[in-house]
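One letter stands for each residue in the lines below.
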Amino acid sequence: METVRLTTAQALVRFLAHQYSERDGREQRFIPGVWGIFGHGNVAGVGQALLQAARTGEVDLPYYLARNEQGMVHASVAFAKMRDRLSAYACTASTGPGSTNMITGAALATTNRLPVLLLPSDMFATRAADPVLQQLEDTRGGDVTVNDAFRPVSKYFDRITRPEQLIPAALAAMRVLTDPVETGAVTLCLPQDVQAEAYDWPVAFFRRRVWHIGRPVPEPAALERAAHLLRTAKRPLIVAGGGVVYSGAENQLRSFAETAGIPVADTHAGKGALPWDHPCAVGGLGSTGTAAANALAAEADVVLGVGTRYSDFTTASHTVFGDPEVRFINLNVARLDAVKHSAEPLVADARLGLQGLERELAGWKADDAYRQRVLELSAAWRRTEEECFAPGHGPLPAQTEILGALRRSLDDRDVVINAAGSLPGDLQMLWHARDPKAYHVEYAYSCMGYEVAAGLGVKLAEPGREVVVLVGDGSYLMMAQEIVTMVSEGIKVIIVLVQNHGFASIGALSESLGSQRFGTRYRFRDRESGQLDGEVLPVDLAANAASLGADVLSASTVEEFSGAMAKARASDRTTVVHVETDLYGPNPPGSGWWDVPVGQVSAIESTRRAYETYAAAKRSQRHYL
């Protein structure tokens, strides 16, 4: 057997550079590069291997320097989302805090079912220098390290304590990363001494490998059962989730919805799968859904979920589907999701499943009166949207006014990125998406700090698109460091920084739950009350963004914001458009509920009143059996 002598890190780099994915005859590099921050745990291991690859040209695996380990995982996940999970980055971090900084990113990846390969450095496998710098000493066992915290948030976890263990571990990692059902964060812990240890590797380990990502075919009997159930429907509704987009099933969804005359509501991950102005499109569903979608869900007797995992926001905490006899059909590549809500499961690829259902339902269509009601509800909601966008709020503009101006300034292919705060709710209700990749809202983990880093990943995945990060001041303050990376890499992203001096979303939620916006505003601590309710903090986020190397444009009115966006689009540099908005709204009219428990007893009158409201809403909640 032919072998080559390399360190473990050198072998890993060589292996990753030769991994490809294929779907529908199209091949691409699965690991196009490595993000990292070097420290004593990886600088002489993975760092040396990447340097050697770059200097010798033997291996093509570019290295990208991040400014925060969590941020580089977010960038990698956003890249994978834009590439429909067919390509993903690896991330290397040093021992201790460098590695544990990646845990939040790992949780986000696994919750969203998006692939990322994490390479946290670990302690000495030999334990020759115990305890080394940043080592956790655990009295329960000598093999426990801080990296064990990755286990519950990883879809695959392994620790490479001998060089030869890398061979099965690397292959297992690729198996999980390329599996649309199992994918998520994959963690290979690399002890720092093992990274530098040499071994005679089989040359075959480094051959070009193509991981074929198939399209599971629907079982004929399952198709027949699903079609039979749909034929009984008087008020059917489709819920389009991210699986439609990852499968590339947008055309099939459109054809099926048109042929059967079924309205389509969407989740955050599924928005844009059907163009917003299509006659069957009724907008977002659930806690922050449109009045049209939620009204149809309340009446639906058969719900076809396509590629959705039915989060609590999608179901409005199990209250949005109101028909006592409602039945579900779930078309999903993962059986975990296909059987939710006691559904008729259709375990298959979304594209093939929709094609099969359209064939099975040939000649059947929802009745004319129902389709007319769908059009009327949609038209009514369109009027509500325009009222939300109407200018005139003062003295500061409303966030919805800024969203209206932003929407008018962008093209259909321009990507809007968001993740947390009040913006996701406004976006799900109000944003118009025609392109399934133009709406990029991370709402499975809804992680503050995701947005700026995600802009980097999205632009790397789709350099031909304009990428607009929409971020509130709370999320910006969590993590904005990757602006520096954008500048250093010459990557142009527009960042719309909406500053309202507090947490608008949680503030409004707090008020609705009787907690009076406690602790949700950025204020000085008042000496008399002892609370954070003094004057507004003099935080200048525009100056902060400029100090990181971005161009900055400030706006105080909707008209100034529109002008700043035009300048940002014309620029070839990363530009931050800073605008202050009213912390207190107004917000779009809600029609869904979200289960956030309220204290059953309280000395505060507002909390007691909120509990009465909560208890009344709770009575509508149920299991779908």
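## With respect to the nonpolar core
Formed by 87 residues in total, the largest nonpolar core has its most connected members in Phe256, Phe321 and Phe561. Here Phe561 is in contact with Ile402, Ala405, Leu406, Val496, Ala555, Val577 and Val579, once residues within four sequence places are set aside. Of all hydrophobic cores here, the second largest spans 55 residues; its members include Ala75, Met82, Cys447 and Val469.

## Structural notes on the layout of surface pockets
Empty space within the largest pocket amounts to approximately 1,100 Å³. Along the wall of the largest pocket there are 50 residues; nearest its centre are Thr288, Ser422, Ser505, Ala508 and Leu509. Taken together, the elements giving at least two residues each to the lining of the largest pocket come down to α16 (423-430), α18 (473-478), α20 (504-512) and α23 (605-618). Counted by class, the lining of the largest pocket contains 25 nonpolar, 21 polar and four charged residues.

## Looking at α20
Looking at α20, one finds that the buried residues are Ala504, Gly507 and Ser510. Projection of α20 onto a plane perpendicular to its axis shows the buried side chains occupying an angular sector of 125 degrees, all on one side. At the exit of α20 stands Gly514, carrying a positive phi of roughly 85 degrees.

## Quick look at empty space enclosed by the protein
In the structure shown here, the tally under the stated rule is six cavities of 30 Å³ or more. Around the largest cavity sit 46 residues that line it, and Arg85, Gly242, Gly243, Tyr246 and Gly307 are the ones nearest its centre. Looking at the lining of the largest cavity, the elements that each hand over two or more residues are α5 (103-112), α9 (242-247) and β16 (327-332). Considered class by class, the residues forming the lining of the largest cavity number 19 nonpolar, 17 polar and ten charged.

## A closer look at the pairing of β16
Judged by how many residues are buried, β16 sits mostly within the fold: five of six residues are covered. Across five bridges, the pairing between strand β15 (residues 302-306) and β16 is parallel. The partner of Val302 across the bridge, within β16, is Arg327. Bridge count between β16 and strand β17 (residues 344-347): four bridges; the pairing is parallel. Residue Asn332 lies in a different strand from β17, and its bridge partner there is Val347.

## Topic: the environment of Ser409
Within the fold, Ser409 resides in helix α15 (residues 399-409). Taking the C-alpha atoms as reference points, Ser409 and Asp148, 261 residues apart in sequence, are found 46 Å from one another. Within the structure, the side chain of Ser409 is placed 2.8 Å from the backbone oxygen of Leu406, a separation counted as a polar contact.

## Focus: the environment of Pro62
By the secondary structure assignment, Pro62 is in the loop between α2 (46-56) and β5 (63-65). Between the C-alpha atoms of Pro62 and Val34, which are 28 residues apart in sequence, the distance is 6.3 Å. If we ignore the near neighbours within four places in the chain, the residues touching Pro62 are Pro32, Gly33 and Val34.

## Here's the deal with unusual backbone geometry
That bond from Asp130 to Pro131 is cis: its omega, -15 degrees, falls within 30 degrees of zero. Relative to the helices and strands, Pro131 is located in the loop between β7 (116-122) and β8 (156-159). Residue Gly394 is joined to Pro395 through a cis peptide bond whose omega torsion reads 5 degrees. When you line up the elements, Pro395 lands in the loop between α14 (368-389) and α15. In this structure, Asp84 is a non-glycine residue whose phi angle is positive, near 55 degrees. Its place among the elements puts Asp84 in the loop between α3 (69-82) and β6 (90-93). Looking at Asp84, the relative accessible area reads 16%, which means it is buried.

## Here we look at the state of the cysteines
Under the defined criterion, the tally for this structure stands at zero disulfides. Its sulfur unpaired, Cys189 is 14 Å from the next cysteine sulfur, which belongs to Cys91. No disulfide involves Cys447; its sulfur sits 14 Å from the nearest other cysteine sulfur, which is in Cys91. Its relative accessible area of 7% is what places Cys447 among the buried residues.

## What about helix α10 (residues 250-260)?
In an α-helix there are 3.6 residues to a turn, and that puts residues three or four apart on one side. Every buried residue of α10 is accounted for by Glu250, Gln252, Leu253, Phe256, Ala257 and Ala260. The buried residues of α10 occupy one face: seen down the axis, they fall within an arc of 160 degrees. Lining the buried residues of α10 we find α8 (220-231), β12 (236-240), α9, β13 (264-266), β15 and α13 (350-360). Two residues or fewer after α10 comes Gly261, characterised by a positive phi angle close to 70 degrees.

## Describing the packing of aromatic side chains
For any pair of aromatic rings, geometry is given as the distance between the ring centres together with the angle between the planes. The full count for this structure, using the stated rule, is 18 aromatic pairs. Residues Tyr310 and Phe328 carry aromatic rings whose centres are separated by 6.0 Å and whose planes lie at 85 degrees to one another, so their mutual orientation is edge-to-face. Remark: Phe328 occurs in strand β16 and Tyr310 occurs in the loop between β15 and β16; sequence separation between them is 18 residues. For Phe328, a relative accessible area of 2% corresponds to the buried category. Taken together, the aromatic side chains of Phe15, Tyr199, Trp201, Phe205 and Phe206 make up a single cluster linked through ring pairs. One cation-aromatic arrangement involves Lys271 over Tyr439; the distance from NZ or CZ to the ring centre is 5.7 Å.

Thresholds applied
- Residues numbered from 1 in each chain as written.
- Predicted model: local features only at pLDDT ≥ 70, side-chain atom pairs only at ≥ 80, totals over all residues.
- Heavy atoms only, no water.
- Core = buried A, V, L, I, M, F, W, Y, C linked by side-chain atoms within 4.5 Å.
- Buried < 20%, exposed > 50% of the residue type's maximum accessible area, 1.4 Å probe, protein only.
- Contact = heavy atoms within 4.5 Å.
- 1 Å grid on protein atoms, 1.4 Å probe; cavity = no way out; pocket = protein on both sides within 12 Å on 5 of 7 lines; lining within 4 Å.
- Points joined across faces, edges and corners; volume = space filled by probe spheres on them.
- Helix = DSSP H or I, 4+ residues; strand = E, 2+ residues; numbered from the N terminus.
- Nonpolar A, V, L, I, M, F, W, Y, C, P; charged D, E, K, R; others polar.
- Arc of directions from axis to C-beta.
- Pairing = 2+ DSSP bridges.
- Polar contact = N/O pair within 3.5 Å; in protein donor to acceptor, adjacent residues only side chain to side chain.
- Disulfide = S-S within 2.5 Å.
- Phe/Tyr/Trp six-rings, centres within 6.5 Å; stacked < 30°, edge-to-face > 60°.
- Lys NZ or Arg CZ within 6 Å of the ring centre and 35° of its normal.

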